[in-house]
Each structure stands twice: as C-alpha cells, then as structure tokens.
Amino acid sequence: MSHSSTKKLSITLGVTLLIFVVEVIGGLISNSLALLSDAGHVFTDSFAIILSLIASIIVRKPSGKRATYGYHKIGILAAFINGISLIIIASVILFEGYRRLINPPHIDTDVMLPVALFGFIGNLFMAWILGHKHEDLNIKSAWLHVIGDTISSAGVIFAGLTIKYTGWLIIDPIISWFVGAIIIFGGVKVVKDSLWIFLDFVPKGFDVDEISNKIRKIKGIIDIHDIHIWSIGSGVTAFSAHVVVNDQLLSEADKLRKEIEKEIEKFGINHSVIQIESVKCKESSIYCNFEKQLNHKH
C-alpha cells in the first residue's frame with residue numbers, strides 16, 4: 001500500500017472524528033436519537049479507519065524471515081474485520097429501526113438538519129478523498145464505511161425534512177432499514193472477497209486453463225502440471241507450476257523459464273515459481289491433488 005493511501009486514510013480519520021463530535025453535541029442538544037445513532041455509526045467507522053490505517057503502515061514493511069511473503073495479508077485481515085463490523089453495524093441499525101417504528105422519538109429538526117447536513121458534506125469529502133476505484137481491499141472496506149455514513153446522513157436529512165413539514169415520524173425507521181440493507185450488502189461483499197484471498201482461491205479474472213494452454217504453446221515445452229494461482233494480497237498474484245521439457249542444458253531450460261514468466265506477466269502475474277523437469281509424470285494433471293500425495297506417502 002502506498003504512502004498516498006496512508007495519507008488519505010489519515011485525512012479521512014480526522015474528518016470522521018470531527019463529524020462524530022459535532023453529531024454527538026447536536027444529538028444531545030436536539031434530543032435526536034437519529035443523530036446520536038448516526039454518531040455511533042460514525043464512531044464505529046472511525047475504529048474501522050484506524051484499523052485500515054494501521055494495516056496500511058504494516059503492509060509496507062519489507063519481507064523477512066518471519067514473513068517471507070511480506071505483510072500484504074495484514075491489509076486483507078483488516079478488510080475482513082471491517083466487513084464483519086459493517087454487518088454488525090447494519091444489524092444494529094435494523095434493530096433500532098424496528099424500535100423506532102414501535103415508539104417514534106421526538107426530534108428537534110431545527111438542530112438536527114444543520115448537523116446532519118454537516119455530516120453529509122463531511123462524508124462526501126471523505127468519499128472523494130478515498131476515491132471509488134480500489135484495487136486494495138483494505139481501502140475499499142474503509143470507503144464502504146464512509147459511503148454507508150454518507151447514505152445514512154442523507155437519510156437523516158430526508159427524514160428530518162419529512163418530519164419537519166409533514167410530521168410523518170415513521171419515515172425515520174424506513175430510512176434506517178434502507179441504510180442498513182445497503183451496508184449489509186457492502187459488508188458481505190468485503191467479507192467474501194477477503195475470504196477468497198485467505199482461502200487461496202484462484203483470483204477473480206484468472207483462467208487456469210487459458211494460462212496453461214498459453215504456456216504449452218511455447219516451443220520446447222512438453223507439458224505443465226501442478227499449477228497454483230493465488231493472491232498474496234490485494235493486487236499481488238502468485239503463480240507456481242511444474243513444467244516438463246526435453247533433457248537439455250540448464251542454460252537452455254532457463255531461457256524457457258524466462259519465456260514462461262514473460263507470458264504470464266501478460267495476465268498480470270509478476271511473482272512466479274517454476275520448476276523445470278525432464279521426465280513426464282505418469283499421472284499428469286494441471287491441478288495438484290494433495291489427497292493422492294498423502295495416500296501415496298502412507
């Protein structure tokens with residue numbers, strides 16, 4: 001993760017804490033449960049951003065004897081925790097919406113609306129700072145928190161205007177449920193994407209068959225098997241494989257290895273481990289079957 005990402009998260013954290021303080025004060029003065037709930041939401045988001053900020057600093061640490069791949073998955077862990085927190089926040093909002101439906105609270109809209117507007121503008125600023133295109137899942141999870149806050153603030157403004165001019169208090173829980181549904185959707189996606197990386201599944205957009213067929217077409221390659229494609233972290237894809245060639249000098253085999261690396265770089269793979277072999281396996285498969293290997297050992 002770059003220094004610019006850390007700077008963006010730092011600015012976002014500062015604005016988030018400012019919004020939290022303003023909304024708590026505004027909520028207490030106006031007796032607005034909606035504002036206080038939103039303030040709680042913002043406070044939880046500040047924790048998520050702090051987590052993302054810490055992860056963004058740790059991720060930049062170089063690889064070493066304790067972490068030979070580096071610390072890329074720290075960012076994925078932060079994204080996973082943030083995704084879970086999004087789902088928890090949404091669940092609380094849905095429950096609070098049900099409670100308000102049964103017993104709608106009195107709201108001083110003259111205080112509520114300016115504070116909610118301040119929160120909305122602040123969240124828009126943070127969303128703009130973080131941007132909407134994210135290869136890094138950690139930044140994406142923080143951005144989703146901010147987007148959830150932005151929608152929540154917009155919902156509070158809409159509810160406040162409706163209550164002010166119509167007295168229709170039921171709009172408050174309806175808006176809360178709408179916000180909760182959006183946050184849950186984002187949270188589930190972040191959790192799914194982070195688990196996909198943790199479980200070493202093939203990164204989305206990579207076709208193992210297509211890549212293996214491209215490698216087989218390289219002159220001098222007989223077969224390829226035991227392919228693995230996985231993510232070390234967001235945007236960091238790794239590749240390993242056994243490649244069968246004719247018996248030849250090591251220098252010639254190394255030329256083939258470089259050709260393979262050049263080919264897979266076209267797919268966006270920059271980290272590879274390629275084992276060159278001169279004897280074809282009896283049971284060759286592009287996928288490694290660990291179950292067979294374990295049974296063979298026993």
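Here the structure is a predicted model, which means the values were calculated and not measured.

1. Details of the packing of helix H3 (residues 72-102) against helix H6 (residues 171-198)
Following both chains from N to C, one finds H3 and H6 inclined at 160°, their axes separated by 7 Å at the closest point. With respect to each other, H3 and H6 are oriented roughly antiparallel. Pair H3 / H6 crosses with left-handed handedness. Class assignment for the residues of the contact of H3 with H6 results in 23 nonpolar, seven polar and three charged.

2. Side note on the side chain of Thr 162
One can find Thr 162 in helix H5 (residues 137-166). Residue Thr 162 is classed as buried on the basis of its relative accessible area of 14%. Among all residues touching Thr 162, those that are not within four sequence positions of it are Gly 167, Trp 168 and Ile 171.

3. Some points on the sheet that holds strand S3 (residues 271-277)
As summarised here, the arrangement of the three strands in space is S1-S2-S3, forming an open sheet in which the pairing is mixed. The sheet is open, and its two edges are formed by strand S1 (221-233) and S3, each paired on a single side. Sheet twist, expressed as the average angle between the axes of neighbouring strands with direction ignored, equals 10°. Together, S1, strand S2 (236-245) and S3 form the strand contacts of helix H8 (residues 250-265), whose direction differs from that of S3 by roughly 145°.

4. Some remarks on the pairing of S3
By the bridge criterion, seven bridges tie S2 to S3 in an arrangement that is parallel. Each bridged residue has a counterpart across the sheet, and for Ser 240 the counterpart in S3 is Val 273. Taking the sense of rotation as the criterion, the β-α-β connection linking S2, H8 and S3 turns out right-handed.

5. Observations concerning unusual backbone geometry
Here the phi dihedral of Asp 200 falls at roughly 60°; this positive angle occurs in a residue that is not glycine. Relative accessible area serves as the criterion here: at 39%, Asp 200 is assigned to the partly exposed category.

6. Regarding the packing of aromatic side chains
Applying the stated criterion across every chain yields a total of two aromatic pairs. The interplanar angle of 35° and the centroid separation of 6.2 Å between the aromatic rings of Phe 125 and Trp 128 together place this pair among those described as tilted. With Phe 125 and Trp 128 both in helix H4 (residues 109-130) and three residues apart, the pair spans about one turn of that helix. With a centroid separation of 5.1 Å and an interplanar angle of 80°, the aromatic rings of Trp 196 and Phe 201 are classed as edge-to-face. For Trp 196, a relative accessible area of 29% puts it in the partly exposed group. A residue is classified by how much of its surface remains accessible, and Phe 201, at 39% relative accessible area, is partly exposed. Of note, Lys 61 hangs over the ring of Tyr 71, and the distance from its end group to the ring centre comes to 4.7 Å. In this structure, Lys 164 packs its charged tip against the face of Tyr 165, placed 6.0 Å from the ring centre.

7. Focus on the pattern of salt bridges
Enumeration over the complete set of coordinates arrives at 10 salt bridges. Its salt-bridge partner being Asp 193, residue Lys 189 comes within 3.2 Å of it at the nearest N-O pair. Here Lys 189 pairs with Asp 193, and both are found in helix H6, just four residues apart, close to one helical turn. The class for Asp 193 is buried, based on a relative accessible area of 14%. The structure contains a network of salt bridges with shared partners spanning Asp 254, Arg 257, Lys 258 and Glu 261.

8. Some details on the nonpolar core
Considering soluble globular proteins, one finds that nonpolar side chains tend to be buried as a cluster. Of all hydrophobic cores here, the largest spans 35 residues; its most connected members are Leu 9, Leu 35, Val 146 and Ile 183. Counting residues per element, the ones that place at least two in this core are helix H1 (3-30), helix H2 (33-58), H3, H4, H5 and H6. Contacts of Leu 35, omitting those with residues within four sequence positions, involve Glu 23, Gly 26, Gly 27, Ser 30, Met 112, Val 115, Ala 116 and Val 156. Counting residues in each nonpolar core, the second largest holds 17 residues, with Ile 227, Val 243, Ile 260 and Ile 274 among its members.

9. Comments concerning H6
Taking 1.5 Å as the rise per residue, H6 with 28 residues should run 40 Å; its terminal C-alpha atoms sit 41 Å apart, in good agreement. Once H6 ends, the next one or two residues include Asp 200, with phi positive near 60°.

10. Details of the side chain of Glu 263
Summarising the element assignment, Glu 263 is placed in helix H8. Take Glu 263: its relative accessible area is 16%, and that puts it in the buried class. Among all residues touching Glu 263, those that are not within four sequence positions of it are Lys 214 and Ile 218.

Scoring rules and cut-offs
Residues numbered from 1 in each chain as written. Predicted model: local features only at pLDDT ≥ 70, side-chain atom pairs only at ≥ 80, totals over all residues. Heavy atoms only, no water. Axes fitted to C-alpha atoms, helices over the stretch in contact; angles between N-to-C directions. Helix = DSSP H or I, 4+ residues; strand = E, 2+ residues; numbered from the N terminus. Parallel < 35°, antiparallel > 145°, perpendicular 65-115°, else oblique. Left-handed = near helix turned anticlockwise from the far one by under 90°. Nonpolar A, V, L, I, M, F, W, Y, C, P; charged D, E, K, R; others polar. Buried < 20%, exposed > 50% of the residue type's maximum accessible area, 1.4 Å probe, protein only. Contact = heavy atoms within 4.5 Å. Pairing = 2+ DSSP bridges. Right-handed = clockwise from strand over helix to strand, strands pointing away. Phe/Tyr/Trp six-rings, centres within 6.5 Å; stacked < 30°, edge-to-face > 60°. Lys NZ or Arg CZ within 6 Å of the ring centre and 35° of its normal. Salt bridge = Lys/Arg side-chain N within 4 Å of Asp/Glu carboxyl O. Core = buried A, V, L, I, M, F, W, Y, C linked by side-chain atoms within 4.5 Å. Expected span 1.5 Å × (residues − 1).

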